[in-house]
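# An overview of the molecular structure
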Amino acid sequence: MADESENGRKHNRPRLFRDIMASRPRNNDELSENSKSVLQDTILQLITHHQNFDALVNESIITDVDQNSLPSKSAVYHDLGYETTSHRSSTTEVSHSVAGCISVLRHEALTAGVPLQIFAANICSGKILDMIGEEKGDGLLLNNKHRAYLKILMRTIIKLLSEQTFSRNTFIKSLNRELELPIELVWMLHTAGIMSLEAYITCNLNRPSVIGNLAQSMTDLTNGECENTQLRKRILKDILGYFVFHGYQEKRDSSDMAAKGMRKIAIAITDNVTKKLITMDPPSVDSLNLFELVRECENVNLSILQRYCTHQLAVILSYNPVLKVSQALISQDQWSYAKTPQHVTVMYKQLLLAFNAEEAVGILRRVLERQEVNWQAVMTFVATFLVCFPQAPKHIKDLVDDLIKQAFAASELDCIITAFLLARQACLEGPHVFPTYQDWFLGCFGDSSISPANNKKTFAFLIKFLTDIVPFEAAHHLKAHILKPPHVPAKCRPVLCDYITLAKTRLADLKEPVELLGIYEEGAGTSACKPQLQNLHQTEKDVEMALAAFEKTGKVPASIMEASIFRKPYYVGRFLPSLLAPRPLPEVSDVRMLLIDSLNRSDKIPVVLYSKYEKGCQREAAQLLEGVFSDEGSMDDMLLDPTEQLQNSLNRFTEVVLEARGEIVPGITSQLSVVSEKLANLLEVDVPQHTENEQPVVVDLYGPDIPSKHIKIVDQILNTFCQTTAAATTFETLCTDWATQYLSMLSRHKTLLPALVVRVWNLICKEAPALDQPHTESLAAFVVHLRGVQALFGDIRVRPEDPTLVGQPFVDVLCGSIPIHTGQWMEFTLRFCTSYLQYAVTSLGCFQMYYMERNQNIVPAAVIKRFSFLVPRMCPVVRYYGTPECPGMDVLNKQKWPLSIKLFTSDQFRCLVDPLTLRLKNWIDLELKVISHCDHLSCIERHDYYQWIIYHHFLPTSTDKGGCGGSCTHASSVIFSSLMDHDMRHETKVYQVHVDCTASRYITTDGPGCRAELIVLLQELCLQAAPHMTSPSEGPWIINVIEEKLSVGGMSPLGMYCTLSAWFRLASSLVPHLFYVNNPLDVDSAQRLSASLDFINTFMRHHLYEGCVLPYRVTLYLMQGLIVLEQHTHVKQVDSVISISLARCPLLAASLLYHYSTLKPVLHHLIQEDSDKKSHGIFTSLNSLYTWAESIICMAEWSEPPPTETWLSGVAIFTLAKQSALHSGTCPNLQVLKNCESKVLQSYMECVVADASSRYINGEELCNSLARHVIDLLVTTPQCMVAFNTDNGSILTTRVFSQSIVKVMPVICFRILIQASESDILKIISIDNSLKTILQMHVCCTELYRKAAVSDQEAGVYQKLNQPLDLHFMIEISQVVKKFITHSSLEHLCQLQKELMNNCDPDMQCMLRVRLGQT
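All figures in this text were calculated on a predicted structure; none of them were measured in a lab.

Our next topic: the overall build of the protein chain. From N to C terminus, the protein chain includes 70 helices and two strands. The proportion of buried residues among the 1415 residues of the protein chain is 52%. When the accessible surface of the protein chain is totalled, it reaches about 64300 Å², and 53% of it is carbon and sulfur.

As structure tokens, then:
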């Protein structure tokens, strides 16, 4: 079949002359030579007469086809001088055809009598015009037949031109007389040297449409719908390169008018092409990039290219400047890089490739200064410029600053408008490019030292500008001006207030809510204010709950209907925009559509919002069908859901970073802008502009209410970062600027902040041991960069378990909260800290954005201290680094943690450690977190470690470097203080939980940690320090430690008690003499004990009491210390230490007597060792007093008391009476007690009331039998009433009882007297000063009641009791007082002091005046 087809083609084809001649037999031998010559001439004349030019050209085409098959693009290039090897063999054949064509033209010209030059030009132009007339198509490219025909003509013309027998001018004029030539024809004639573009343009100067169509044809050639991409590319490169070369080459001869004219035309054509490009529809994938082709032109050097790109940028930025400033302010949010069509950003990128950042911003500056601009073009150009050049944000900031200075210097409105638009456009790209608008505005106008509006004139200019643009402002810009107002010069406050009022009015018009609580949030309707991200969370939650309720009932929830009426700002401003988020609508109405339809039918959706919603949904559907996206326009991306689109953009970001190989490339910033836009679309919220009130973001780590969608998004973000970081470690240069931009981009999406915080916290502080090494390293890198840009995320607050971390930045809290209580967690923490430090030290990138302060420390103190803590603990080989015992580096490198050891011993780490040394206190705090049975060290290994770190590390190290300077005393003080702080935290927690139970105060904090072993270490240090200790004038070191703790102001009574409890618990584990002196051998007089005794009389008396005396444990400890001192002072012949101490400290004497029955056997052995027997007499007298009281109370036998102080006798009676009451439940016999001296009974009465007050403070009710006993005693011995007098100045109330108990004693007295009968009152009031005592107690109760109502702190301990002073009790007190006044004699009334009467309340004063007969 193939042979038949070939034969058929040969049969139908015209036969060539040579073929005819070859087929005929030759019989020339019969002719003579003359005949042959005549025959040849005749034949030639015959052939010439019948020769046809068209037939000859067609024959040439057929010959070419026979030789080379169909005409191809390569054949065309060959005809134009671009020969290829496959076509050189046909050159000879084709040249014969050209010669034949020339011969025919000569003959016809001779026959016609026309010069060959003119005749040939007319014939060739006519043939070309006939060919154009037959051309069917778009008028851009020729078909293959005409391309082959034109080839022969062009070769013929070139041959004639070489023989100077062709009129080029005639040809050009004839060719351009009527028809417009296809651009391929023009290009072929130009490249063949037959008709140059300059000649073509010159010939058509009077035909503007021809030049315009040439520009249109060039534009059309860029469209991918045309075929022959390579041919289109070559045509455009040659033509465009010609115009660019002639239009933008350096000016030389100004007198060459032709060159000047061609220059103008070339510029006009390129401008026309550019304008058509920016107005055409988005090109297809196969479209050609015109500006990229210009850069590929061989005749366009860098200087020409820069002049061309500069001019084209000016054309683009100033083309069609119809947008007003007001429209620009309204629409600017839609002109970000991610929202700009891709073909526009690609065009800008190609133009910007010819410049550096400084040159590009210079072009922008000149365009803004000299021309009216298209604001949309300018803003999209600025957006592209910002993401293409790493230095672009700095240059834009400088340009904005210059414009602002110029504006305020001359009050130029155009400059300030331009400055604000540029600044807002830069802010729109996100914090990974430029600071937020609020931060920029505050930095520019917030400080009087740098604000250009720092006087009345300039400030008025600024406020007038801001006022003028209020109607066109977005809400977030208005909020930024309100929340972060500019600096106000003197006397300009009213101007700012007027603006703020106007801005708030505008916000109200925009229905921006003031009340931001959600519909379903608890407490809705209150005035509480929450951060923006919580508002976004709540809005999404409201929409979800409303949809769920509607799906369940089929009715609009009542809460939504109520919100539409009573909470309209929130309903219209936040709920409806979230509900009406545009989306491609499903064919079958879903729940959201049905709810929207129901609300719309109920007129609950404003017409404007609903119309915007419908248009938005139509736009989304159109994008889904047409594939028009703001990013890469990929059809695959079009078919994915938003989550997959985000993942694709994140994957592309990883690819861009890896392609950069550690270099800073524009693609990273631009791709981050795309990722940011995808995030915003996925979250279905506009990108926040950081204009809400900057309240701290409080994240609940242990019970977070975070949408699952946010957790998934955060996982995508973290996975991308970890994968990119892991892959980037293979680069030769570890440059991490991309990571800083990545975190800065995330800071823009505050909605994700809680999810990000919780996820990072859980990964590092909960799930960390399960992470592999690459994951750990990547997370450490993430935290490094998070620390670097944490200012962009705002104030993030979490609630750490360690109170020392409260108030610190989130990264510091995170690193300080990583558990180290077990060996497994220690290993992870060491890996994490090593990765963190290694990344921070070796990375060559910058961890802050260019506009942030660079003095921020990237490495938190917690990382350095934990690393310094763990390396010596887990790597024993480094403990002796720097000493002769240290092994060589080859041994160090073979250890389990080689990287940690290498970093620990490096100079880089030493530089970090110097300002953040691990001090002894830090070491104790960390060691207390370790659970001993879960430690990676055994007990013996831990003991060896303690010995090394104390004696070889901290003791020799100077104090300024965290050590002890060789002082065991200093080491003991630090360990004691640290253990005390640890116990105080536990003491406070337990006390607050069990505040109603006295016994619960004394708790043990010896848990599974290493506290007990540290106490052993403390005891060892104290023993070693004793020989070198001296008693300084300010007192023993153990007293100095607690006094330093108590010197902190503002400590509550609870805090004071917990501090003293923790201190005593530790002190009692040491030798008891340390409470009084550092070295017992230094006691030469009792004066050395002053500090300790004063401490007992003040702090211990008021805050460490139990009942009305010191607790048993405290008393035992204090007495043991005194006995030890007594034993060391007998040689020096000084007075008895015990007797002097008991005399100067009545509280200790009372406590000793109170606990004497249990203390006696314990102290007996120590007393017997006193060789000087000075203490024997003291305890003998105490024993006699105790025996006397025991006989009175227990045996009801009276005997004379031993010689001692009366108050001590009263304490003895009270002690035995209380013990008897505890055993038998009965009160002492009054018949025996009345034989005692009145002062002894008064002291006894004071002890009884004080003990009842103490129990009342702790929540115990007053016992009725005790009240009856006191009343009977008052009736029997009315002189005991004096014990209630606050001015009596007794030793018990002034030196034994705590201040809290003394304050409550009047309350207890009145609770007792309330139960007294009329007859009891008559007997009690019979002695002098009884009424005075009653009135004084009433004044005290009244004052206590007033303070209780005002301040907890002023009311003291009593205010926190379960038994408050209520109004009913105060009324009962008043009634008792009135009874006493009524039954008092006139003589007693006259003895009252006027000052006391004036202190009484008005009711009592009136009654007293009536009794005294006063009016």
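Moving on from the model shown.
Applying the stated criterion to the full structure yields 44 aromatic pairs. Residues Phe420 and Phe445 carry aromatic rings whose centres are separated by 6.0 Å and whose planes lie at 20° to one another, so their mutual orientation is stacked. Taken together, the positions of Phe420 in helix H22 (residues 413-428) and Phe445 in helix H23 (residues 437-445) put the pair 25 residues apart, joining distant regions of the chain. The pair Phe420 / Phe445 is uniform in exposure class, with both members buried.

For Thr1293, the location among the structural elements is in helix H62 (residues 1291-1296). Here the side chain of Thr1293 touches Ser1290 through a polar contact of 2.9 Å, side chain to side chain.

Positive phi, close to 60°, is recorded for Gln164, a residue that is not glycine. Within the secondary structure, Gln164 is located in the loop between helix H8 (144-162) and helix H9 (168-175). You can call Gln164 exposed: its relative accessible area is 67%. For Lys491, which is not glycine, the phi torsion reads 65° and is therefore positive. If you trace the backbone, Lys491 turns up in the loop between helix H25 (475-483) and helix H26 (493-509).

Taking 1.5 Å per residue as the helical rise, helix H52 (residues 1090-1103) with its 14 residues ought to reach 20 Å, and the 19 Å between its terminal C-alpha atoms agrees with that figure. The sharpest bend along H52 comes to roughly 35°, located at Ile1096. Taken together, the buried positions of H52 are occupied by Ser1090, Ser1092, Leu1093, Phe1095, Ile1096, Asn1097, Met1100 and Arg1101. Contact partners of the buried residues in H52: helix H50 (1037-1046), helix H51 (1053-1067), helix H53 (1112-1128), helix H54 (1137-1144), helix H55 (1146-1154) and H62.

Looking now at the nonpolar core. Counting 261 residues, the largest nonpolar core has Tyr836, Trp923, Ile950, Phe976 and Trp1063 as the members making the most contacts within it. Among the elements that make up this core, the one with the highest residue count is helix H60 (residues 1238-1257) (eleven residues). Ignoring any residue separated from it by four or fewer positions in sequence, one finds Ile950 in contact with Leu920, Trp923, Leu955, Pro956, Ile975, Leu1017 and Leu1021. Judged by nonpolar contacts, the second largest core, of 152 residues, contains Leu116, Leu140, Ala314 and Phe434.

Relative to the helices and strands, Gln1391 is located in the loop between helix H68 (1386-1390) and helix H69 (1394-1399). For the pair Gln1391 and Asp1328, spaced 63 residues apart in sequence, the C-alpha to C-alpha distance is 8.6 Å.

This part is about the packing of helix H13 (residues 229-248) against helix H14 (residues 257-279). For the pair H13 and H14, interaxial distance at closest approach is 8 Å and the crossing angle is 130°. When the axes of H13 and H14 are compared, the pair comes out oblique. Crossing of H13 over H14 shows left-handed handedness. In this structure, H13 uses Leu240, Tyr242, Phe243, Val244, His246, Gly247 and Tyr248 to contact H14, whose residues at the interface are Met262, Arg263, Ala266, Ile267, Ile269, Thr270 and Asp271. Here the residues of the contact of H13 with H14 are counted per class, giving nine nonpolar, three polar and two charged.

On to the packing of helix H41 (residues 823-842) against helix H42 (residues 861-874), then. Between H41 and H42, whose axes approach to 9 Å, the crossing angle comes to 125°. Compared by their axis directions, H41 and H42 come out oblique. Like other packed secondary-structure pairs, H41 and H42 cross with a definite hand, here left-handed. Contact with H41, carried on its side by Met826, Glu827, Thr829, Leu830, Cys833, Thr834, Tyr836 and Leu837, involves Val863, Ile864, Arg866, Phe867, Leu870, Val871, Arg873 and Met874 of H42 and no other residues of that element. Here the residues of the contact of H41 with H42 sort into eleven nonpolar, two polar and three charged.

Applying the stated criterion to the full structure yields 30 salt bridges. With its nearest N and O atoms 3.5 Å apart, the salt bridge here joins Arg234 to Asp238. Here Asp238 and Arg234 lie together in helix H13, a separation of four residues that amounts to about one turn. For Asp238, a relative accessible area of 22% translates into the label partly exposed. For Asp590, the salt bridge goes to Arg583, with nearest N and O atoms at 2.9 Å. Judged by its relative accessible area of 26%, Asp590 falls in the partly exposed class. Members of the salt-bridge network, linked through shared partners, are Arg873, Glu927, Asp935, Arg942 and Glu1013.

About the criteria used
- Residues numbered from 1 in each chain as written.
- Predicted model: local features only at pLDDT ≥ 70, side-chain atom pairs only at ≥ 80, totals over all residues.
- Heavy atoms only, no water.
- Helix = DSSP H or I, 4+ residues; strand = E, 2+ residues; numbered from the N terminus.
- Buried < 20%, exposed > 50% of the residue type's maximum accessible area, 1.4 Å probe, protein only.
- Areas by Shrake-Rupley, 256 points an atom, 1.4 Å probe, with all protein chains shown as cover.
- Phe/Tyr/Trp six-rings, centres within 6.5 Å; stacked < 30°, edge-to-face > 60°.
- Polar contact = N/O pair within 3.5 Å; in protein donor to acceptor, adjacent residues only side chain to side chain.
- Expected span 1.5 Å × (residues − 1).
- Bend = angle between axes of the 7 residues up to and from the residue.
- Contact = heavy atoms within 4.5 Å.
- Core = buried A, V, L, I, M, F, W, Y, C linked by side-chain atoms within 4.5 Å.
- Axes fitted to C-alpha atoms, helices over the stretch in contact; angles between N-to-C directions.
- Parallel < 35°, antiparallel > 145°, perpendicular 65-115°, else oblique.
- Left-handed = near helix turned anticlockwise from the far one by under 90°.
- Nonpolar A, V, L, I, M, F, W, Y, C, P; charged D, E, K, R; others polar.
- Salt bridge = Lys/Arg side-chain N within 4 Å of Asp/Glu carboxyl O.

Shape is all these values report; function is a separate question.
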